[in-house]
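Listed here are the chains, written in short residue letters.
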Amino acid sequence: MHTARLAASAGAAATGLALTVLAAAPASAAANMTVYSLQSAKGGYGTANAFLTAEYFWFRVCDKGTADGFRAVGYLSKDGTSWSLTRHAAGGSGSCVGGSQDGTTSGFLPQPFRGYYTMTVCLRDGADGNDFNCNDAPVYHDGSA
């Protein structure tokens, strides 16, 4: 599981917005969740959305809000395992990477498919910078379609 480092500036803390939305699905439906990072001091933020089915998944990370010079970085991991995925939305505000909009699955889930997953989204200054203004959300996937 990814451990997020928080380094929020005073301005980001003052204007930060923490929203976590979990889409409650019927027990026999696929798992779907979205999480939002805290806002930067300039009003930019990141979003991540995961859609988990019986075998495969889509994982989409987007850089949203006012252009702030930071990228959105998303992590999807299965709790209790070493399986994880990292995606960078580095094309500026409005850019996204991954997801069903790409027309193909992002990949296959580790077996057993059932279990708890954690999705985290952060802001980052450059490819090798430190993550900040992170937020995460857990979701239980029952392994069904």
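In the block above lies the structure referred to throughout.
Residues numbered from 1 in each chain as written. Predicted model: local features only at pLDDT ≥ 70, side-chain atom pairs only at ≥ 80, totals over all residues. Heavy atoms only, no water.

Peer 1: Honestly, the state of the cysteines in this entry has me stumped. Any pointers?
Peer 2: Under the counting rule described, the total for this entry stands at two disulfides. Covalent S-S linkage joins Cys122 and Cys134, the inter-sulfur distance amounting to 2.1 Å. Here Cys122 and Cys134 share a disulfide; its torsion about the S-S bond, 115°, makes the bridge right-handed. Separated by twelve residues along the polypeptide, Cys122 in strand 9 (residues 115-124) and Cys134 in strand 10 (residues 131-141) bring together distant segments of the chain. Taken as a pair, Cys122 and Cys134 share a single burial class, namely buried. (Disulfide = S-S within 2.5 Å. Helix = DSSP H or I, 4+ residues; strand = E, 2+ residues; numbered from the N terminus. Buried < 20%, exposed > 50% of the residue type's maximum accessible area, 1.4 Å probe, protein only.)

Peer 1: So what exactly am I meant to see when it comes to the pattern of salt bridges here?
Peer 2: Side chains bearing opposite charge may pair, as long as their charged atoms lie close to each other. As enumerated under the stated definition, the model contains one salt bridge in all. Put simply, Arg124 and Asp131 hold a salt bridge, and the shortest N to O gap is 2.7 Å. Each member of the pair, Arg124 as well as Asp131, is classed as buried. (Salt bridge = Lys/Arg side-chain N within 4 Å of Asp/Glu carboxyl O.)

Peer 1: Quick question: what am I supposed to make of the pairing of strand 3 (residues 44-52) here?
Peer 2: A regular strand carries its side chains on alternate faces of the sheet. For strand 2 (residues 31-36) and strand 3, the ladder comprises six bridges, and the chain directions are antiparallel. Paired with Asn32 across the two strands is Phe51, which belongs to strand 3. (Pairing = 2+ DSSP bridges.)

Peer 1: What is the right way to read the environment of Leu52 from this model?
Peer 2: Its location among the elements puts Leu52 in strand 3. On the basis of relative accessibility, which here comes to 1%, the residue Leu52 falls in the buried class. With residues up to four places along the chain from it excluded, the contact list for Leu52 reads Ala30, Ala31, Phe57, Leu76, Leu109, Tyr117, Val139 and His141. (Contact = heavy atoms within 4.5 Å.)

Peer 1: Looking at this structure, I do not really get the pairing of strand 5 (residues 71-78). What am I missing?
Peer 2: With eight of eight residues buried, strand 5 is to be regarded as a mostly interior element. As defined by bridge partners, strand 5 adjoins strand 9 across eight bridges and the pair is classed as antiparallel. Counted as the bridge partner of Ala72 is Leu123 from strand 9. Between strand 5 and strand 6 (residues 84-89), which pair antiparallel one after the other, the connecting turn spans five residues, and Gly80 there sits at a positive phi close to 80°.

Peer 1: Is there a simple way to think about the nonpolar core in this case?
Peer 2: If you look at soluble globular proteins, the nonpolar side chains tend to sit buried side by side. Leu52, Phe59, Leu76 and Met119 are the most contacted members of the largest nonpolar core, which has 20 residues in total. Listed by contribution, the elements that provide at least two residues to this core are strand 2, strand 3, strand 4 (56-65), strand 5, strand 9 and strand 10. (Core = buried A, V, L, I, M, F, W, Y, C linked by side-chain atoms within 4.5 Å.)

Peer 1: Please explain the side chain of Asp68 as it appears in this structure.
Peer 2: Of note, Asp68 is situated in the loop between strand 4 and strand 5. Buried Asp68, no salt bridge; nearest opposite-charge side chain is Lys42, N-O distance 7.4 Å. A distance of 2.8 Å separates the side chain of Asp68 from the side chain of Ser40, its partner in a polar contact. Leaving out residues up to four positions away in the same chain, Asp68 has contacts with Ser40, Lys42, Gly44, Tyr45 and Leu123. (Lys, Arg positive; Asp, Glu negative; His and termini not counted. Polar contact = N/O pair within 3.5 Å; in protein donor to acceptor, adjacent residues only side chain to side chain.)

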